[in-house]
Amino acid sequence: MSVPATVRASAERLVVAATMGPTVHDVHAWRFKVAAGLIELHADPDRFRPLRDPAGRALHLASGAALVNLRLTAAQLGHEAVVRLLPDAGRPALLATVRLAGRHRVTREERLLCAATLRPLSATASPAGERPSAHVLNELREAARLEGAALHPLPTSPDGGAQRAVLTTGGDGRTEWLRAGQALQRVLLSGTARSVSASFSFDAADVPGVREVTTPGEIPQALLELAQQEPARPRGRLFEPAVDRQHEGKRNWQRIR
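Residues numbered from 1 in each chain as written. Predicted model: local features only at pLDDT ≥ 70, side-chain atom pairs only at ≥ 80, totals over all residues. Heavy atoms only, no water.

**Considering the overall build of the protein chain**
Okay, step 1: Across its full length, the protein chain holds 6 helices and 10 strands.
Okay, step 2: Looking at the protein chain residue by residue over its 257 residues, the buried ones come to 51%.
Okay, step 3: Taking the intrachain contacts of the protein chain between residues at least 6 apart in sequence as the baseline, contacts between residues at least 24 apart amount to 75%.
Okay, step 4: Carbon together with sulfur atoms contributes 52% to the accessible area of the protein chain, which is approximately 12300 Å² in total. (Helix = DSSP H or I, 4+ residues; strand = E, 2+ residues; numbered from the N terminus. Buried < 20%, exposed > 50% of the residue type's maximum accessible area, 1.4 Å probe, protein only. Contact = heavy atoms within 4.5 Å. Areas by Shrake-Rupley, 256 points an atom, 1.4 Å probe, with all protein chains shown as cover.)

What follows is the structure, encoded as structure tokens:
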């Protein structure tokens, strides 16, 4: 089935925007394909050679993040993006499909989050700053909830500093990894829009304090450190030039400033 030129043009623009999400080992180990009426998200094993991640968990997390960027850009173009995760059991490399459905009226929050996708990632240690307020933390928790995950602040030191939090899902399969990636990206973008620096690691196992804030059945997917920047940065700072990135791995943090 042929795809109308206007739909294909919109789809191709969405694909470009979606490549701005977090990456696995600084490589986009996934690719988008514009198909008949759909945008398909495929795992690209030729570009992903897992050493510590044979199941491809980090690949799915990063792919979920790319889906959020695509959905946000679709909203800017006035499209409702309908996502299906793992739609075809016979094609395991097909991670998701996105269909551009009816008209969508973009919200102010979606505009802010879409602008935040232009903010580059940098590989640094824990962000400097104070813990975000309870109000901001609740907004970040809501961002995770909207994507089917949960964000739990961890006990903090009385000395202050960044707030640690763990992102969890209700399972630990491929679908949950994709949802966790979407939740992680939405939390990072929501933090950027609220002048919150964030670093994250996919290695969230055996982190002190996690058992105290989670319930049985919740699986830690990512560990975050969040720090409020004061004074709040102007919105224009979202568009600074890119900076260097390095591989995301064990105890190496990706940072959104």
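**Looking at the pairing of strand β9 (residues 219–228)**
Okay, step 1: Among the 10 residues of β9, 8 are classified as buried, and the element is accordingly described as predominantly covered.
Okay, step 2: In the sheet, strand β7 (residues 163–169) pairs with β9 via 7 bridges, with the strands oriented antiparallel. Note that in β9 the partner of T168 across the bridge is P220. (Pairing = 2+ DSSP bridges.)

**Quick look at helix α5 (residues 174–193)**
Three- or four-residue spacings in an α-helix give side chains the same orientation, since the helix completes a turn every 3.6 residues.
Okay, step 1: Over its 20 residues, α5 extends 29 Å from the first C-alpha to the last, a length consistent with the 28 Å expected when each residue adds 1.5 Å.
Okay, step 2: Of all 20 residues in α5, 16 are buried; the element is thus mostly enclosed.
Okay, step 3: Once α5 ends, the next one or two residues include S195, with phi positive near 60 degrees. (Expected span 1.5 Å × (residues − 1).)

**Comments concerning the environment of A116**
Okay, step 1: Among the secondary structure elements, A116 is positioned in helix α3 (residues 108–116).
Okay, step 2: The class for A116 is buried, based on a relative accessible area of 2%.
Okay, step 3: Put simply, A116 and G191 are 75 residues apart on the chain and 9.0 Å apart in space, counted from C-alpha to C-alpha.

**Brief notes about the packing of aromatic side chains**
Okay, step 1: Taken as a whole, this structure holds 2 aromatic pairs when the rule is applied.
Okay, step 2: Ring centres of W30 and F32 lie 5.5 Å apart, and the angle between their planes is 70 degrees; on these two criteria the pair is classed as edge-to-face.
Okay, step 3: An angle of 40 degrees between the planes, with centres 5.5 Å apart, marks the rings of F200 and F202 as tilted. The same class applies to F200 as to F202, namely buried. (Phe/Tyr/Trp six-rings, centres within 6.5 Å; stacked < 30°, edge-to-face > 60°.)

**Some words on the pattern of salt bridges**
Close approach of charged atoms lets side chains of opposite charge pair.
Okay, step 1: As enumerated under the stated definition, the model contains 7 salt bridges in all.
Okay, step 2: The shortest N-O distance in the salt bridge between R194 and E139 comes to 2.6 Å. Highlighted residues: R194 in the loop between α5 and β8 (196–201) and E139 in helix α4 (residues 134–146), separated in sequence by 55 residues.
Okay, step 3: Between E147 and R186 there is a salt bridge; the shortest N-O distance is 3.2 Å. Linking E147 in the loop between α4 and β6 (150–153) with R186 in helix α5, this pair joins segments that are 39 residues apart in sequence.
Okay, step 4: One connected set of salt bridges, linked through shared partners, spans R71, E147 and R186. (Salt bridge = Lys/Arg side-chain N within 4 Å of Asp/Glu carboxyl O.)

**Quick notes on unusual backbone geometry**
Okay, step 1: Residues other than glycine seldom take positive phi values, yet L86 does so here, at roughly 45 degrees.
Okay, step 2: Locating L86 in the fold gives a position in the loop between β3 (79–85) and β4 (94–103).
Okay, step 3: Look at S195: it is not a glycine, yet its phi comes out positive at around 60 degrees.
Okay, step 4: Mapped onto the secondary structure, S195 falls in the loop between α5 and β8.

**Brief notes about the side chain of E225**
Okay, step 1: Within the secondary structure, E225 is located in strand β9.
Okay, step 2: A polar contact is formed between the side chain of E225 and the side chain of R164, at a distance of 3.1 Å. (Polar contact = N/O pair within 3.5 Å; in protein donor to acceptor, adjacent residues only side chain to side chain.)

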